[in-house]
Amino acid sequence: MSNLHLAALLLSFLLAGCGGGGNDNSPSLDPQPTTPSEIWSAGVFPASSQYKDYCANPRQGLDPQDNEPYSDKVGSAMLEKLWLRSFSHETYLWYDELPDPNPSTFDSIAAYFNALKTSATTPSGKAKDDFHFSESYEDYIKEAQSGVVAGYGVRWAIINRTPPRLIRVAYTQDNSPAELVGLQRGDELVEVDGVDIDATDSASVATINAALQPALGTTHSFTFVRTDSQTNAVEQYEVSLTAQDIETTPVQNVHVQTINGRKVGYVQFNQFISAGQRPLINAFQMFENSDIDELVLDLRYNGGGLVSMAAQLGYMIAGSANTLATTPDTGRVFSQTIYNDKRSAENYDVTFSARAIDWSERVYTDEVLPSPELSRVYILTTAGTCSASELIINGLQGIDVEVVLIGDQTCGKPFGFAPAPNCGEVYYTIQFKNENAKGFGSYTDGFTPVSAAQNNGELGLTSQVSGCLVADDFEHSLGAANEALFSAALNYMDTGECPPVSQPRPTQASEYILQGPAISVPSHPLRGGMHIIPLKGVKNEQ
């Protein structure tokens, strides 16, 4: 049985109501299931379990992930909507803020799902729930198990979505089509399939969106401008890219340098997925063997992922002395997982994790994770640092490990979900919030780097974190000592001071003269979320 199916089964047991009574004169064979009613009654929410797997287009045959028959039954789009409605009111963190429109008034299941979220905003005015996604079951399995997604292997930095649009190459995946054709960090996209990047008509915007979020096997042309940082010479070039199943490279640019008498480790960590566990362990084994003095953890483009991996990374940074972690379920609290008041009995603590995980069986192993045993870490951040990445900041500060933030304000997502499959689609709807060991989780507008002199809050109880506000640097390679964020971290180690502001911060949409429609931002729920896949326990102790 797949991880996803087991998670769904566990969830259904938790949510299903008690069965009724009745006489015992029925045949011993299980009766055929009765299709549930499609009637919608405002304010009345039957158990989601009665609608589960009743599908408008039920899948036939065996699930290729576990070789078990699909659980789909003949149903309808209305029954799928009613499942989403009841499931949301059972599990959504802010279920009392949900609207309850008639599902039959929506043209599609996707449109109805998009309505099932709060309209509230954070103190800064941004959407409180900006993390409401769905994707196909097949896409979920590919990314969750092996980090595979359809694309070119380029991470776009979409600095502005509206004209004048600004889209640059942030980095490329190893051995991907994007790397092989020569795309480099900082290259600026100016044209897509013959359409100017600032085009505003609907057909052109659709063309741009289709190329940035390509379907598997589709081919698109891109025109880039590359500026030489030394000579300011400008080169324009065109490439053609075909979307493939790309294996994500979660860990890149690992190295140790001796700088001003200190051994400094650096690692770029892009995503908390199971495929990243081994390369992350290898990186920290290098750091432990090298006996590093300082660590620079580059999370500027890490949108999140598995909470259990965040707990592992927290341990690998801080070690046993700071976390008191040895075996699974021991040690200090990394994060507190808090559900809505209907599910408060399910609240639990996630502890720092000192053991590797066998993801094929979803069990902890006897392998003890390496750690350089640090009491301070420098974390490089941007607005793309979200969710499980922010959990690292909050969790470490919760046990008084010093975090120095270098970069920009993080995205602000102290919330997460357990992926919920139904009828070939996987839904991500906010189900829990997180707090650190000190009970702090109020960072819905992100963590902000501030100078130490201005940071008067208690460690682990504020969203202001000592460090430096530094613009992302697209002119230098990630991990290079002269790259602006890494350079600022190295300078801070020596002087405790931030570099002078010599360049403007990345331009945000609010600072542009906005004209025309916004393009879509490519999204992958497992990259931009905080999610839980239940673990069974310790290997050989099942």
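Located above this text is the structure these notes cover.
Residues numbered from 1 in each chain as written. Predicted model: local features only at pLDDT ≥ 70, side-chain atom pairs only at ≥ 80, totals over all residues. Heavy atoms only, no water.

## A look at unusual backbone geometry
And then number 1: Cis geometry is adopted by the peptide bond preceding P164, which originates at P163 and carries an omega value of -5 degrees.
And then number 2: With respect to the helices and strands, P164 occurs in the loop between β7 (154–160) and β8 (166–172).
And then number 3: Positive phi values are uncommon outside glycine, yet D193 reaches one of about 50 degrees.
And then number 4: If you trace the backbone, D193 turns up in the loop between β9 (188–192) and β10 (195–196).
And then number 5: Under the relative-accessibility criterion, D193 is labelled partly exposed at 31%.
And then number 6: Even without glycine at this site, R362 takes up a positive phi of about 60 degrees.
And then number 7: Along the chain, R362 turns up in the loop between β20 (355–358) and β21 (363–368). (Helix = DSSP H or I, 4+ residues; strand = E, 2+ residues; numbered from the N terminus. Buried < 20%, exposed > 50% of the residue type's maximum accessible area, 1.4 Å probe, protein only.)

## Let's talk about the state of the cysteines
And then number 1: Using the criterion set out here, one finds three disulfides in the structure.
And then number 2: Two residues share a disulfide in this structure: C386 and C411, whose sulfurs sit 2.1 Å from each other. Note that C386 is positioned in the loop between β22 (376–381) and α9 (388–398) and C411 in the loop between β23 (402–407) and β24 (415–416), a separation of 25 residues in sequence. Per residue, the accessibility class of C386 equals that of C411, and both read buried.
And then number 3: Note on cysteine connectivity: C468 is disulfide-linked to C498, with sulfurs 2.1 Å apart. The sign of the S-S torsion, about -90 degrees, decides the handedness of the disulfide formed by C468 and C498: left-handed. With C468 in strand β29 (residues 464–469) and C498 in the loop between α10 (484–495) and β30 (530–531), this residue pair connects regions lying 30 residues apart in the sequence. (Disulfide = S-S within 2.5 Å.)

## Quick word on the pairing of strand β26 (residues 425–428)
And then number 1: Relative to β26, strand β5 (residues 133–136) is paired through four bridges, and the arrangement is antiparallel. Note on β26: the bridge partner recorded for F133 is Y428.
And then number 2: Bridge count for strand β25 (residues 420–422) against β26 is three bridges, and the pairing is antiparallel. Opposite P421, over in β26, you have V426 as the bridge partner. (Pairing = 2+ DSSP bridges.)

## Thoughts on the packing of aromatic side chains
And then number 1: Following the criterion strictly, the structure yields 21 aromatic pairs and no others.
And then number 2: Note on W94 and F415: the rings are 4.8 Å apart at their centroids and 85 degrees apart in plane angle, and the pair reads as edge-to-face. Remark: F415 occurs in strand β24 and W94 occurs in the loop between α2 (77–91) and α3 (109–115); sequence separation between them is 321 residues. Each of the two residues, W94 as well as F415, counts as buried.
And then number 3: With a centroid separation of 5.0 Å and an interplanar angle of 65 degrees, the aromatic rings of F417 and Y428 are classed as edge-to-face. With F417 in the loop between β24 and β25 and Y428 in strand β26, the pair connects residues that are eleven residues apart, well separated along the chain. In this structure, F417 and Y428 share a single accessibility class: buried.
And then number 4: Members of the aromatic cluster, connected to one another through ring pairs, are Y152, W156, F222, F224 and Y237.
And then number 5: Just above the ring of Y54 sits the side chain of K73; from NZ or CZ to the centre is 4.7 Å. (Phe/Tyr/Trp six-rings, centres within 6.5 Å; stacked < 30°, edge-to-face > 60°. Lys NZ or Arg CZ within 6 Å of the ring centre and 35° of its normal.)

## What to know about the nonpolar core
And then number 1: One finds L297 and I392 to be the most contacted residues of the largest nonpolar core, which totals 49 residues.
And then number 2: Considering every element that reaches this core, the biggest residue donor is helix α8 (residues 307–323), with nine residues.
And then number 3: In this structure, L297 is in contact with V267, F269, L313, I317, V377, Y378, I379, L380 and I392, ignoring residues within four places of it in sequence.
And then number 4: Core analysis: the second largest hydrophobic core is formed by 26 residues, A157, F474, L485 and L490 among them. (Core = buried A, V, L, I, M, F, W, Y, C linked by side-chain atoms within 4.5 Å. Contact = heavy atoms within 4.5 Å.)

## Observations regarding the sheet that holds strand β18 (residues 333–338)
And then number 1: With respect to topology, four strands assemble into an open sheet ordered β19-β18-β27-β24, the strand pairing being antiparallel. On the outer flanks of this sheet lie β19 (348–351) and β24, each paired with one strand and no other.
And then number 2: Judged from the two bridges that link them, β24 and strand β27 (residues 432–435) form a sheet pairing that is antiparallel. In the sheet register, F415 faces β27, and the bridge partner there is K433.
And then number 3: Helix-sheet contacts for α8 involve β18 and β19, and the interaxial angle to β18 is about 160 degrees.
And then number 4: Docked against the sheet, α9 engages β18 and β27, running at close to 120 degrees with respect to β18. (Axes fitted to C-alpha atoms, helices over the stretch in contact; angles between N-to-C directions.)

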